[in-house]
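Remarks on the overall topology
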Amino acid sequence: MKYQVEDESSHLDEMPLMMSEEGFENDESDYHTLPRARISQRRRGLEWFICGGWKFLCTSCSDWLINICRRKKELKARTVWLGCPEKCEEKYPKNAIKNQKYNVFTFIPGVLYEQFKFFLNLYFLVVSCSQFVPALKIGYLYTYWAPLGFVLTVTVVREAVDEFRRYKRDKEMNSQLYSKLTVRGKVQVKSSDIQVGDLIIVEKLDGETDWKLKVAVSCTQRLPALGDLFSINAYVYAQKPQLDIHSFEGTFTREDSDPTVHESLSIENTLWASTVVASGTVIGVVIYTGKETRSVMNTSNPKNKVGLLDLELNQLTKALFLALVALSVVMVTLQGFVGPWYRNLFRFLLLFSYIIPISLRVNLDMGKAAYGWMIMKDDNIPGTVVRTSTIPEELGRLVYLLTDKTGTLTQNEMVFKRLHLGTVSYGTDTMDEIQSHIINSYSQVHSQNSGNSTSSTPSRKPQLSAPKVRKSVSSRIHEAVKAIALCHNVTPVYESRAGVSGETEYAEVDQDFSDENRTYQASSPDEVALVQWTESVGLTLVNRDLTSMQLKTPGGHILTYYILQIFPFTSESKRMGIIVRVILGVFWVLCGNMAREGLRTLVVAKKSLTEEQYQDFESRYNQAKLSIHDRNLKVAAVVESLEREMELLCLTGVEDQLQADVRPTLEMLRNAGIKIWMLTGDKLETATCIAKSSHLVSRTQDVHIFRPVTTRGEAHLELNAFRRKHDCALVVSGDSLEVCLKYYEHEFVELACQCPAVVCCRCSPTQKAHIVKLLQHHTGKRTCAIGDGGNDVSMIQAADCGIGIEGKEGKQASLAADFSITQFKHIGRLLMVHGRNSYKRSAALGQFVMHRGLIISTMQAVFSSVFYFASVPLYQGFLMVGYATIYTMFPVFSLVLDQDVKPEMALLYPELYKDLTKGRSLSFKTFLIWVLISIYQGGILMYGALLLFESEFVHVVAISFTALILTELLMVALTIRTWHWLMVVAEFLSLGCYVASLAFLNEYFGIGRVSFGAFLDVAFITTVTFLWKVSAITVVSCLPLYIIKYLKRKFSPPSYSKLTS
């Protein structure tokens, strides 16, 4: 029994979304009365089977078979012994990356399936096979098999090249060398040979910007030498592999110590695959490998992408097939169903098979290769790589662009821009004033406290002794800069000097405090920007460990502060705090007035505590940390009790620098009718600031921040509130999005699609891909995803067109993408110029190739009807093959060089791109126009030949074929909008080939040799009568179309022609 199970969201019409809050509360029972799943019985029997039941049965059977063949192993938690992979209880997957679509056995079947699932190719396979049946044989076998073989060979070679490239990329990744620690010391192993339980040494590497602080297991820190890791009896118990990249649960147990040591492990004790270490070396035990790593689990399988244009042409070929069948049936009917009529029907089907041209796929595939080559050779977008050669036309049809933030729109490099003290504001041009204030204030402090260099700054408490007195600007700057220099999670790192062992870092005596040798590292780049700024104005962070930090004053004195507590930034508290001996500084992020400029704004405040106050706080804080229930809430409440009656010090503004030309590029894309969604894993405030500074959201536009929702009721109310807003940008977090999609998927997507811009923050990689699929499913429009990191791979692969940027976060995104670029700004030219041209050219090329097949089929139909509906071919063997290849191929293919406007115009007027999304270049309307042209020309050519050559009727083949070739060459000239020298060469080359071949092919020009046996008479062809009659037929077939085109251009010019004139 087939049931359709529908979630309640699909029946939301019954529950009005626009409802007042009171009404909503009264109607609470709605939730209980709406059944969780409605079951509606499907129609059965023949009707159901025809309406798609057969499809359902086929997919069910194939899914069942696939599941049987690929039984998924159940993922379980695991115990991993240190350095002993052989002790693992079960077999874990190999640590190899595999991005290939096929293997040796599936390559040929897979490629053939991908080809023959297209109606066009399947049709040709059937037609070609029919030629092996003697009764149905019409011409030579090669007239059918040669084109089909050529198409398949081109496709197989192209796929093989793509597959080989993927194989080489995988091999490069899998053969990267790592240092593995064994009982015998260090050995080098390939990435693909790493096993669960191995001890891997991770060295310092460069090239990453977003540092996270990681903590080692304390039990193993006390071992004297590396080799002792093998002498202890220890294991890690880890949770089963899962998608969540923000959490990890496990325990470390050492059994051979007394008592047994147990340590809990969390996310801060882990390094995910592809992590790099900022300083020193780390030894890690491998827990997950291959398919079970977080990065691979968050990456979906690459799908075979098929362009919209290919799908549209597939629909048109089906329409042509119906026309072919209808025409054949008409012929047999007019014959009067005499003799073995079904055999005649099949022969007619074969005679007219040129209605569906096999050269369509060859021409389009070669066109795609040409577009790819043009993109890679464009000097204006250097470094661009086309990795998927099958979808360049998609670049011209995009409606939604989904972009990552960090590294894609921004450089992830922070610059300190503004310090605000309430009455005074300092910008980048007045920082030298701050510097002079700091130098003065510290020189005064040190003259007062001479000799007291290690005390924790002057412990004066001006706000207690004289709360009413306004401080001088100098002392306020002093306090503010000191608080900024202390309240952060930044660690200064020094390179070890040559010849000194790595232990130097811990020996302060040997440490090289020179400024050139110091780099700062923190999980948040804006904290680094703040510390770099305090260094630039004279107060330098020189050392930090878990219990203290040291600042160097402009005079070179070292101030030591002891860290008592640190409260890291969380998305709930939106602030960060630190208690050092004497000072407490608490940051909490507010988007104040400066957020208008797109700056990340921080408010800095401080409070002085007595020893008793601190002891009281510490005992309450430790008690809260030990509680089992609501630990986070209790801890937050204790910390909050401190954050009262604080003294406001200053506001700071930090700018996340945008990539080059992001603003003009986004504006161009918006003008082109492309809707831009920003999907980021970053915090809501940061995402909103960047959306404003990049002008993704214009300054005048309202921003609706979707409140956090957790239940269906909250989602309902929030959607109602959002529905009342008009023309405002939407900012929503991943968690709220998840809730909305669970209950109100259709409503949410419908509302979001009306927004000029959407920002989704705190998105996981899987969520990014899910949003892409939602847009495809609900809007049916083409989507493009662009990103630069491994977390964007799923989104890039899910989109109709994926673009990767080679950035600081490595090459993972650019390798998985269909197109790889080096800068975000290149996307403008890629879409406006190359995308537009590829689509326009392919649409013209596809329709012209169809016209070429239709015109010859019309001539065949006229010929057969004149000769008593005989199923005899008009043109034999090589003429048919030559017609589709050597005689017309070059001019027709030269359409891939055509362009309606110059690239500069396309970039200057992005509005031209808007027209493309409506798909007017290739539609049933344009297709019908071409069909009518083909019928008119085919009729004129054949009837003209029959009328003018009544006396020399035997020469009708030579006459009509010559006129046909000339007509095709003139039609190409009619279609071209901008001439290229290669187009002229192609026209004359084809004409030359035809004239030259007349000498060799005279045997073919006897009309249907079977019936007439007449041969070409060279003397006849060179007569003036032959030439003027052929010219007359050609002029009658083409001149009216030239006149129509001229009148249309004059009275109803297309949008682009207004720009070119």
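Rules behind the numbers
- Residues numbered from 1 in each chain as written.
- Predicted model: local features only at pLDDT ≥ 70, side-chain atom pairs only at ≥ 80, totals over all residues.
- Heavy atoms only, no water.
- Helix = DSSP H or I, 4+ residues; strand = E, 2+ residues; numbered from the N terminus.
- Buried < 20%, exposed > 50% of the residue type's maximum accessible area, 1.4 Å probe, protein only.
- Contact = heavy atoms within 4.5 Å.
- Areas by Shrake-Rupley, 256 points an atom, 1.4 Å probe, with all protein chains shown as cover.
- Core = buried A, V, L, I, M, F, W, Y, C linked by side-chain atoms within 4.5 Å.
- Axes fitted to C-alpha atoms, helices over the stretch in contact; angles between N-to-C directions.
- Parallel < 35°, antiparallel > 145°, perpendicular 65-115°, else oblique.
- Nonpolar A, V, L, I, M, F, W, Y, C, P; charged D, E, K, R; others polar.
- Phe/Tyr/Trp six-rings, centres within 6.5 Å; stacked < 30°, edge-to-face > 60°.
- Salt bridge = Lys/Arg side-chain N within 4 Å of Asp/Glu carboxyl O.
- Polar contact = N/O pair within 3.5 Å; in protein donor to acceptor, adjacent residues only side chain to side chain.
- Pairing = 2+ DSSP bridges.
- Arc of directions from axis to C-beta.
- Expected span 1.5 Å × (residues − 1).
- Patch = residues over 30% accessible without salt bridge, like charges linked within 9 Å, V, L, I, M, F, W, Y side chains within 5 Å.
- Left-handed = near helix turned anticlockwise from the far one by under 90°.

1. Description of the overall build of the protein chain
- Secondary structure summary: the protein chain contains 35 helices and 30 strands in total.
- A burial count over the protein chain gives 50% of its 1061 residues as buried.
- Intrachain contacts of the protein chain at a sequence separation of at least 6 include 73% that bridge at least 24 residues.
- When the accessible surface of the protein chain is totalled, it reaches about 50900 Å², and 59% of it is carbon and sulfur.

2. Things to note about the nonpolar core
- Grouped together as the largest cluster of nonpolar side chains are 95 residues, with contacts concentrated most on Ile803, Phe819, Ile827 and Leu831.
- Considering every element that reaches this core, the biggest residue donor is helix 25 (residues 826-866), with 12 residues.
- Beyond its immediate sequence surroundings of up to four residues, Ile803 is in contact with Leu395, Cys784, Ala785, Ile786, Gly787, Ile796, Ala817, Phe819, Ile821, Ile827 and Leu830.
- Judged by nonpolar contacts, the second largest core, of 41 residues, contains Val537, Leu539, Tyr561 and Val654.

3. Let's talk about the packing of helix 9 (residues 308-335) against helix 25
- For the pair helix 9 and helix 25, the least separation of the axes is 12 Å and the interaxial angle reads 5°. Compared by their axis directions, helix 9 and helix 25 come out roughly parallel. Two secondary-structure elements touch here, helix 9 through Leu309, Leu313, Leu316, Thr317, Leu320, Leu327 and Met331 and helix 25 through Tyr839, Ser842, Ala843, Met850, Leu854, Ala861, Ser864 and Ser865.
- The residue makeup of the contact of helix 9 with helix 25, split by class, is 11 nonpolar, 4 polar and no charged.

4. Observations concerning unusual backbone geometry
- Cis geometry is found at the peptide bond from Asp258 to Pro259, where omega equals 0°.
- Of note, Pro259 is situated in the loop between strand 8 (250-254) and strand 9 (261-265).
- Not every positive phi belongs to a glycine, and Glu645 is a case in point at roughly 50°.
- Among the structural elements, Glu645 can be located in the loop between helix 17 (631-642) and strand 23 (647-658).
- The exposure class of Glu645 is exposed, given its relative accessible area of 78%.
- At Asp727, a position not held by glycine, the phi torsion is positive, near 50°.
- Examined against the element boundaries, Asp727 turns out to sit in the loop between helix 20 (712-723) and strand 26 (728-733).

5. With respect to the packing of aromatic side chains
- All told, the structure shown has 27 aromatic pairs when counted by the stated rule.
- On the numbers, 5.6 Å between centres and 85° between planes, the contact of Tyr102 with Phe107 is edge-to-face. The residues Tyr102 and Phe107 share a single accessibility class, namely buried.
- An angle of 15° between the planes, with centres 5.9 Å apart, marks the rings of Phe348 and Phe352 as stacked.
- A relative accessible area of 0% means that Phe352 is categorised as buried.
- Following the ring pairs from residue to residue traces out a cluster consisting of Tyr875, Tyr883, Tyr887, Phe961 and Tyr994.

6. Thoughts on the pattern of salt bridges
- Scanning all chains against the criterion turns up 33 salt bridges.
- The residue Asp378 makes a salt bridge to Arg829 at a minimum N-O spacing of 2.6 Å. Of this pair, Asp378 sits in the loop between helix 11 (359-376) and strand 11 (385-386) while Arg829 sits in helix 25; the two residues are 451 residues apart in sequence, bridging distant segments of the chain. Each member of the pair, Asp378 as well as Arg829, is classed as buried.
- Here Glu535 and Arg518 are joined by a salt bridge, their closest N and O atoms 2.9 Å apart. Separated by 17 residues along the polypeptide, Glu535 in helix 15 (residues 525-536) and Arg518 in strand 16 (residues 518-521) bring together distant segments of the chain.
- Accessibility expressed as a relative area gives 7% for Arg518, which makes it buried.
- Overlapping salt bridges bring together Arg158, Asp310, Arg361, Asp365, Lys368 and Glu393 as one network.

7. Observations concerning the side chain of Asp310
- Following the sequence through the fold, Asp310 ends up in helix 9.
- There is a polar contact of 3.0 Å between the side chain of Asp310 and the side chain of Lys368.
- Here Asp310 is in contact with Phe118, Arg361, Lys368 and Thr390, once residues within four sequence places are set aside.

8. So, the pairing of strand 23
- In terms of burial, strand 23 is a largely internal element, 9 of the 12 residues being buried.
- In this structure, strand 13 (residues 410-420) lies alongside strand 23, joined through 7 bridges in antiparallel fashion. Residue pairing for strand 23: Leu419 is matched across the bridge by Thr652.
- One ladder, built from 7 bridges, connects strand 22 (residues 600-608) with strand 23; its direction is antiparallel. Along strand 23, the bridge assignment pairs Ala605 with Leu648.

9. Points about the sheet that holds strand 29 (residues 801-805)
- Taken in spatial order, the 9 strands of this open sheet run 11-30-29-28-12-24-27-26-25, and their pairing is mixed. A strand with exactly one partner marks an edge of an open sheet, and here the two such strands are strand 11 and strand 25 (702-705).
- Relative to strand 27 (residues 757-761), strand 26 runs parallel, the two sharing 4 bridges. Among the inter-strand pairings, Leu730 is bridged to a residue of strand 27, identified as Val758.

10. Considering helix 10 (residues 341-351)
- Buried residues of helix 10: Asn344, Arg347, Phe348, Leu350 and Leu351, and no others. Taken end-on, helix 10 shows its buried residues confined to a sector of 160°, consistent with a single buried face.

11. What about helix 31 (residues 956-975)?
- Taking 1.5 Å of rise per residue, 20 residues should cover 28 Å, and helix 31 covers 28 Å from first to last C-alpha, within 8% of that figure.
- Counting buried positions over the 20 residues of helix 31 gives 17, a clear majority of the element.

12. Some details on the sheet that holds strand 3 (residues 78-81)
- Strand order in the open sheet made by the 4 strands is 3-7-8-9, with antiparallel pairing throughout. On the outer flanks of this sheet lie strand 3 and strand 9, each paired with one strand and no other. Neighbour to neighbour, the strand axes of the sheet diverge by 20° on average, direction disregarded.
- Pairing of strand 3 with strand 7 (residues 234-238) involves 4 bridges; the strand directions are antiparallel.

13. Structural notes on a nonpolar patch on the surface
- A surface patch of nonpolar side chains, about 810 Å² in accessible area, is lined by Tyr140, Tyr142, Phe878, Ile886, Phe890, Trp981, Leu982, Val985 and Leu989.
- Residue classification places Val985 among the partly exposed residues on the basis of a relative accessible area of 43%.

14. Here's the deal with the packing of helix 9 against helix 10
- Helix 10 packs onto helix 9 with a crossing angle of 140° between their chain directions and a minimal axis gap of 9 Å. Considering their axes alone, helix 9 and helix 10 lie oblique with respect to each other. Between helix 9 and helix 10 the crossing geometry is right-handed. Along the contact surface, helix 9 presents Leu324, Val325, Ser328, Val329, Met331, Val332 and Gln335, while helix 10 presents Trp341, Asn344, Leu345, Phe348 and Leu349.
- Among the residues making up the contact of helix 9 with helix 10, the classes are represented as 9 nonpolar, 3 polar and no charged.

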